[in-house]
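# A look at the structure
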Amino acid sequence: MSGLPDARACPGLGEASDLKFPLGAKFREPLTEARFQQLFGDAEQESDLLSEPRWSRLCRQWRRLPGACSGPGAWRLLLARLPPLRWLPHYRWRAWLLGDAVAGVTVGIVHVPQGMAFALLTSVPPVFGLYTSFFPVLIYTLLGTGRHLSTGTFAVLSLMTGSAVERLVPEPLGGNLSEIEREQLDAQRVGAAAALAFGSGALMLGMFALQLGVLSTFLSEPVVKALTSGAALHVLVSQLPSLLGLPLPRQIGCFALFKTLAAVLTALPRSSPAELTISALSLALLVPVKELNVRFRDKLPTPIPGEIVMVLLASVLCFTSSLDTRYNVQIVGLLPGGFPQPRLPNLAELPRILVDSLPIALVAFAVSASLASIYADKYSYTIDSNQELLAHGVSNLISSLFSCFPNSATLATTSLLVDAGGNTQLAGLFSCIVVLSVLLWLGPFFYYLPKAVLACINISSMRQMFFQMQELPQLWRISRMDFAVWMVTWVAVVILSVDLGLAIGVVFSMMTVICRTQRVQCLALGLAEGTELYRPLRESHKLCKVPGLCILSYPAPLYFGTRGQFRRTLEWHLGLGEGGKEAPKTDGPPDADVAGAREVVQLASRCLDAGIHLLLAQCNASVLGTLTQAGLLNRVTPEQLFVSVQDAAAHALERLVRGQEQQEGNPGGAGLYSRSHETTGPKTCTVWV
């Protein structure tokens, strides 16, 4: 009845005792769930909890809240929400301080040119990239749990924010703006970018309030890597006009990458030789320096700051050669000193920007949580995903009051911080000191910096994201499904847009999860002779099927999408209904929903009517609770629920042996299965896992 007619049968009744106790000794009686709770659990409390209404449990938990407002409770809450209170008392000053200082200064030096470059990608003036490299870093140092995480401007978020800003505040069609009109346009775009940061921060705080840190798992690793790799291609193409000195409007929406390429190719004869030369020389310096930092990371005391060297050289060259006046090279101009006046973003714009804020919030949190987890696993500490939601939510919300655009952890600077010897969040404070010195005193030195150099910094910072494509062959060998998720997400991001590509990637990834549950097979188990172990019969011809006993394992969730497949499979295995000749292809249940639970109850009724004794084994507490609420105990008794397959099988064999002895009056008589159909008792004992 197992659906495997060629499976070898175990010996008959004469050796039944060896099947029950294959090691030749009886260690204990088979344990049911009820008996196990009596011996090792608090069965009375468990039953009370199951019978207690949900609203009553909620009221009881609500009554406990005043106790949490005591002095010790408030201190525990403060420790949970301010991580420095936990790690700072255990900080090893002699061993870690120098590493944090060097790493912080190194990252701060990179933040300066990178922040200004990503500000241009966001369609706001460069100084706002410096603000975004200061305030979020300072806030995350106080609230974040990732010791090696570096936050600030991130190319993917800057690209997404810039597309939204260009759509919300488009440039006039004429394009020839006066200085005052340009300042007004920049002010409107800064307000739109700050509103996006405010909206994404508010959304992350809302997710924190609902304890939705688990949402980061819905953005799987293939989705995140394909998203960042595809966005890197968008960044590269979007910077081509700046590299070539072409004053082209930014393309937004679907097919923006191809529209930009077409516009660049059309306007290529009008490119500026001076800016093209600056771009070529900058890339010729930046790309080899990046490669040297990667290849010799173990030998270099600290990574070579190629970006800041390039910025200084280009500024000096532009100043001494008057490239801005002689060849009309676009320069950064005056960076305002100090900080902007804090102001609340225009709340009237929030309904318009929420649609853009949601994907920005998801990408910011997913990338940050994923990076934090990677380095937490590497250096053996833990992060709190909900606390990360709070840290990044507060970081975006508060920094938006100072005209910052959306921010998150960054791939390049996090890797740089680790390579430079960073140990804790204290490195963020040293990074802030470097950016602060530029904002207060060193800003005028960047007046003559060509914008083409910032475009080159944007492109060179994409190196890590482009190289993620090298993992595709390995991904193909490990999991074809994950490879398909990666490719679908990447193609959608490149062809359509980052936002739509993210949505398509998440939906497709969820569809693959559903497909995987549809492909899991229900397995018939057999006994390994001489042991008490049961394994799938298809794994070895040495496993044997016990006559009169059908043991099935269902190792995947049983829910409304798999209930039909589950029913057909068990009909085939047990000979119920008309599904006798259909090959089994089902999934199995570590979890069950209402539809799945009712399917199990119906199965129990059909087995009872057919004279099949149904046993359930190794169901977790959640599944048992759902099945109980669905009325399973009206069809089976608690004595039919067992803690393990071995216990259920031993009980079933004892039952079969007793029935055969009563029928024949001869314990050593004929084979067990051949006479079982002549009895009036159960035809088959079934164990369902």
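Everything here concerns the structure above.
Quick look at the structure, then. (Residues numbered from 1 in each chain as written. Predicted model: local features only at pLDDT ≥ 70, side-chain atom pairs only at ≥ 80, totals over all residues. Heavy atoms only, no water.)

On to the overall build of the protein chain, then. Scanning the protein chain from N- to C-terminus turns up 31 helices and ten strands. The buried share of the protein chain, taken over its 689 residues, is 50%. Contacts in the protein chain between residues far apart in sequence, at least 24 positions, make up 82% of those at least 6 positions apart. Only carbon and sulfur atoms are counted for the fraction: they give 62% of the accessible area of the protein chain, which is about 32600 Å². (Helix = DSSP H or I, 4+ residues; strand = E, 2+ residues; numbered from the N terminus. Buried < 20%, exposed > 50% of the residue type's maximum accessible area, 1.4 Å probe, protein only. Contact = heavy atoms within 4.5 Å. Areas by Shrake-Rupley, 256 points an atom, 1.4 Å probe, with all protein chains shown as cover.)

Taken N-terminus to C-terminus, the directions of helix 11 (residues 179–209) and helix 19 (residues 385–400) make an angle of 155°; their axes are 7 Å apart at the nearest point. Our classification of the angle between helix 11 and helix 19 gives roughly antiparallel. The way helix 11 lies across helix 19 gives a crossing that is left-handed. Contact residues: helix 11 offers Ala194, Ala197, Phe198, Ser200, Gly201, Ala202, Met204, Leu205, Met207 and Phe208, while helix 19 offers Asn386, Leu389, Leu390, His392, Gly393, Val394, Asn396, Leu397 and Ser400. (Axes fitted to C-alpha atoms, helices over the stretch in contact; angles between N-to-C directions. Parallel < 35°, antiparallel > 145°, perpendicular 65-115°, else oblique. Left-handed = near helix turned anticlockwise from the far one by under 90°.)

Per the stated rule, a full pass over the model turns up nine salt bridges. When the shortest N-O distance is used, the salt bridge between Glu171 and Arg182 registers 3.2 Å. Note that Glu171 is positioned in the loop between helix 10 (155–168) and helix 11 and Arg182 in helix 11, a separation of eleven residues in sequence. The class of Arg182 is partly exposed, set by a relative accessible area of 30%. With its nearest N and O atoms 2.8 Å apart, the salt bridge here joins Lys290 to Glu307. With Lys290 in helix 15 (residues 273–295) and Glu307 in helix 16 (residues 306–321), this pair connects stretches of sequence that are 17 residues apart. Relative accessible area serves as the criterion here: at 5%, Glu307 is assigned to the buried category. Overlapping salt bridges, with partners in common, bring together Glu221, Lys225 and Glu471 in one network. (Salt bridge = Lys/Arg side-chain N within 4 Å of Asp/Glu carboxyl O.)

The next thing to look at is the environment of Pro336. Relative to the helices and strands, Pro336 is located in the loop between helix 17 (323–326) and helix 18 (350–378). A relative accessible area of 43% places Pro336 in the partly exposed class. Put simply, Pro336 and Gly443 are 107 residues apart on the chain and 7.3 Å apart in space, counted from C-alpha to C-alpha. Those residues within four positions of Pro336 in sequence are excluded, and the remaining contacts are Val127, Tyr131 and Leu439.

Applying the stated rule across the entire model yields eleven aromatic pairs. Between Trp87 and Tyr91 the ring centres are 6.2 Å apart and the planes differ by 55°, which places this aromatic pair in the tilted class. The exposure classification of Trp87 matches that of Tyr91, with both residues buried. Geometrically, the ring pair formed by Phe128 and Tyr131 is edge-to-face, given 5.4 Å between the ring centres and 85° between the ring planes. With a gap of three residues between them, Phe128 and Tyr131 both fall in helix 8 (residues 127–132), about one helical turn apart. Residue classification places Phe128 among the buried residues on the basis of a relative accessible area of 15%. (Phe/Tyr/Trp six-rings, centres within 6.5 Å; stacked < 30°, edge-to-face > 60°.)

Moving on: unusual backbone geometry. A positive phi angle, near 60°, is found at Phe255, a position not held by glycine. In this structure, Phe255 sits in the loop between helix 13 (240–244) and helix 14 (256–267). For Phe255, a relative accessible area of 41% puts it in the partly exposed group. Its identity as a non-glycine residue notwithstanding, Ser380 has a phi of 60°, on the positive side.

On the surface, Phe255, Phe258, Leu261, Val491 and Ile495 cluster together into a nonpolar patch covering about 380 Å² of accessible area. Elements that contribute at least two residues to the nonpolar patch include exactly helix 14 and helix 25 (480–495). Relative to the assigned elements, Val491 resides in helix 25. (Patch = residues over 30% accessible without salt bridge, like charges linked within 9 Å, V, L, I, M, F, W, Y side chains within 5 Å.)

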